[in-house]
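# Close look at the chain arrangement
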Amino acid sequence: MSRRRIAILTSGGDAPGMNAAIRAVTRAGVERGWEIWGVQNGFRGLIAGNLDRLGRREVGGIMQAGGTLLGSARCPEFATPAGQREALASLEALGIDGLVVIGGNGSQQGSFALHQQGLPVVGIASTIDNDLVGTDITLGVDTALNVVLESLDRIRTTASSHHRVFLVEVMGRHSGYLALMAGIAGGAEVIVLPERDPEPDDVLLEIREAYRRKDLAVVVVAEGWRRGAVGLAEHLRANAARVDEIRARVTILGHVQRGGAPTYFDRMLGTRFGMEAVDCLARGEAGVLVGLHGRLTGSTPLEEVAGKTRSPEPRILALAELLAR
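A brief structural summary. Remember, it's a predicted structure, so these values are computed and weren't measured experimentally.

Helix and strand counts for the protein come out as 10 helices and 11 strands. In terms of overall size, the protein behaves like a compact globule, its C-alpha atoms giving a radius of gyration of 22 Å where 325 residues would be expected to give roughly 20 Å. Looking at the 325 residues of the protein, the share that counts as buried comes to 54%. Look at the contacts in the protein between residues 6 or more apart in sequence, and 74% of them connect residues 24 or more apart. A total accessible area of about 14200 Å² is found for the protein, and carbon and sulfur atoms account for 49% of it. Distance between charge centres in the protein, computed from 36 positive and 37 negative side chains, equals 3 Å.

Listed below in structure tokens is the structure:
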């Protein structure tokens, strides 16, 4: 069934490549003769009816920019039935008959809620945590990993020159994916993940052993681990005698990982995801998440995605342990 008016929103944490997806949805939709409406500030803007018409010109020159042209915001009200009714009423008032949601786990739970109430919705997988079910990789991951890797390379220079231990905290409140993959590619001596949840004393032993071998140690810590890098540093200081008085410096990368220009990969991935989302709506396929399956874009029912998270592969975890020795 043809969709004449489609809305698009970005929700949750911003991710490099979101603008490429917005551009692709808009231009692919306009090419089909559809009206495309951009929702400002995620589900909050949807509840408030804050939508603007998008055309080719409005999305020109945005591909290379990080963040999202449409803005994003957390919206606890949308989790309530009343908030969802208001959102649907805003769409109905404009005659919107389809919605594209770019975002991660929480965003796609919102997508599924609207789909269950009869609105044709297509999600686009976008989160730097790469923990969404239904895709091999999510939008923004490649850029975030490259930012982390550049930082680790620079930190290793100082760690080597001054024979120090550096504790580098990367984003990932519920997922250790960034820490794991950046740690492997960056040659970290120790990687600390919430999925493994090691005891602080065990981490100290790993640091001591790495320092004994190399006279330095770069430790990558996912922020979702129970103590974080700051807590680990405090534990290290409190037990200095047990680790030969090794002193550690803490670097928290924070939101720098989500900012900046998207890589080639994320620009293309956002473009491909946006095109696939429009194709899904054009052929009447809704209630799905668009993702990457091998080398091809495809879709997964939202009921298989909503409320679920994907953990790092056991083989990759084993690889990290092997390479750190």
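Moving on, we get to a nonpolar patch on the surface. On the surface, V230, V250 and I252 cluster together into a nonpolar patch covering about 220 Å² of accessible area. As for its position among the elements, V230 is in helix α8 (residues 228-238).

To continue, consider the sheet that holds strand β9 (residues 248-252). One open sheet accounts for four strands, arranged β7-β8-β6-β9; its pairing is parallel. At either margin of the open sheet sits one strand with a lone partner, and together these are β7 (190-192) and β9. Taking each pair of neighbouring strands and ignoring which way they run, the sheet shows an average axis angle of 20°. Sheet topology places strand β6 (residues 165-170) next to β9; five bridges connect them, and they run parallel. Looking at β9, one finds that L167 is bridged to V250. Its contacts with the sheet put helix α7 (residues 200-214) on β6, β7 and β8 (217-222), and the angle it makes with β7 is roughly 160°.

The subject of this paragraph is the packing of aromatic side chains. Scanning all chains against the criterion turns up one aromatic pair. When the centroid spacing of 4.0 Å and the interplanar angle of 15° are considered together, the rings of F43 and F78 count as stacked. Here F43 is found in helix α2 (residues 42-48), whereas its partner F78 is found in the loop between β3 (51-54) and α3 (81-93), with 35 residues between them in sequence. Of the two residues, F43 and F78, neither departs from the other in class, the shared state being buried.

With that settled, the discussion passes to the pattern of salt bridges. Two side chains carrying opposite charge are able to pair once their charged atoms lie near each other. Taken as a whole and judged by the stated rule, the model has 14 salt bridges. Among the salt bridges present, the one from R212 reaches E209, with a minimum N-O distance of 2.5 Å. A residue pair is termed a helical-turn pair when its members lie 3 or 4 positions apart in one helix, as R212 and E209 do in helix α7 at three residues. For R212, a relative accessible area of 59% puts it in the exposed group. Judged by its relative accessible area of 34%, E209 falls in the partly exposed class. Shared partners join several salt bridges into a network, and the residues in it are R156, E189 and K214.

Quick look at the side chain of T138 now. For T138, the location among the structural elements is in the loop between β5 (121-125) and α5 (141-162). Dropping the residues within four chain positions of it, T138 is found in contact with A125, S126, T127, N130, L132, D266 and L269.

Taking strand neighbours across the sheet as the criterion, the seven strands line up as β3-β2-β1-β4-β5-β10-β11 in an open arrangement whose pairing is mixed. In this open sheet, the two strands that pair with only one neighbour each are β3 and β11 (296-301). On average, adjacent strands in this sheet sit at an angle of 30° to one another, irrespective of strand direction. Across four bridges, the pairing between strand β1 (residues 5-10) and strand β2 (residues 35-39) is parallel. Within β2, the residue paired with R5 across the bridge is E35. Against the sheet, helix α4 (residues 105-116) makes contact with β4 (99-103), β5 and β10 (288-293), and its axis sits at roughly 160° relative to β4, the strand it touches most.

Another point: the nonpolar core. I8, I22, V100, I102 and I124 are the most contacted members of the largest nonpolar core, which has 62 residues in total. By residue number, the principal contributor to this core is α5, which donates seven residues. When near neighbours in sequence (up to four residues on either side) are disregarded, I8 contacts A21, I22, V25, I36, W37, G38, V39, L54, L70, L99, V100 and I102.

A few words now on helix α1 (residues 18-31). Helix length check: α1, at 14 residues, gives a terminal C-alpha distance of 20 Å against a target of 20 Å (1.5 Å per residue), a fit within 8%. Of all 14 residues in α1, 10 are buried, a share of seventy percent or more. Restricting attention to buried positions, one finds in α1 the residues M18, N19, A20, A21, I22, A24, V25, T26, A28 and G29. Looking one or two residues past α1, G33 carries a phi angle of roughly 85°, positive in sign.

Axis separation between α1 and helix α9 (residues 264-282) bottoms out at 7 Å; the angle between their running directions is 35°. You can see that α1 and α9 cross each other, and the crossing is right-handed. For the pair formed by α1 and α9, the contact residues are A20, A21, A24, V25, A28 and G29 on the first element and R267, G270, T271, G274, M275 and V278 on the second. In the contact of α1 with α9, the residues fall into seven nonpolar, four polar and one charged.

About the cut-offs
- Residues numbered from 1 in each chain as written.
- Predicted model: local features only at pLDDT ≥ 70, side-chain atom pairs only at ≥ 80, totals over all residues.
- Heavy atoms only, no water.
- Helix = DSSP H or I, 4+ residues; strand = E, 2+ residues; numbered from the N terminus.
- Rg over C-alpha atoms; globule rule 2.2 N^0.38 Å.
- Buried < 20%, exposed > 50% of the residue type's maximum accessible area, 1.4 Å probe, protein only.
- Contact = heavy atoms within 4.5 Å.
- Areas by Shrake-Rupley, 256 points an atom, 1.4 Å probe, with all protein chains shown as cover.
- Lys, Arg positive; Asp, Glu negative; His and termini not counted.
- Charge placed at Lys NZ, Arg CZ, Asp CG, Glu CD.
- Patch = residues over 30% accessible without salt bridge, like charges linked within 9 Å, V, L, I, M, F, W, Y side chains within 5 Å.
- Salt bridge = Lys/Arg side-chain N within 4 Å of Asp/Glu carboxyl O.
- Pairing = 2+ DSSP bridges.
- Axes fitted to C-alpha atoms, helices over the stretch in contact; angles between N-to-C directions.
- Phe/Tyr/Trp six-rings, centres within 6.5 Å; stacked < 30°, edge-to-face > 60°.
- Core = buried A, V, L, I, M, F, W, Y, C linked by side-chain atoms within 4.5 Å.
- Expected span 1.5 Å × (residues − 1).
- Left-handed = near helix turned anticlockwise from the far one by under 90°.
- Nonpolar A, V, L, I, M, F, W, Y, C, P; charged D, E, K, R; others polar.

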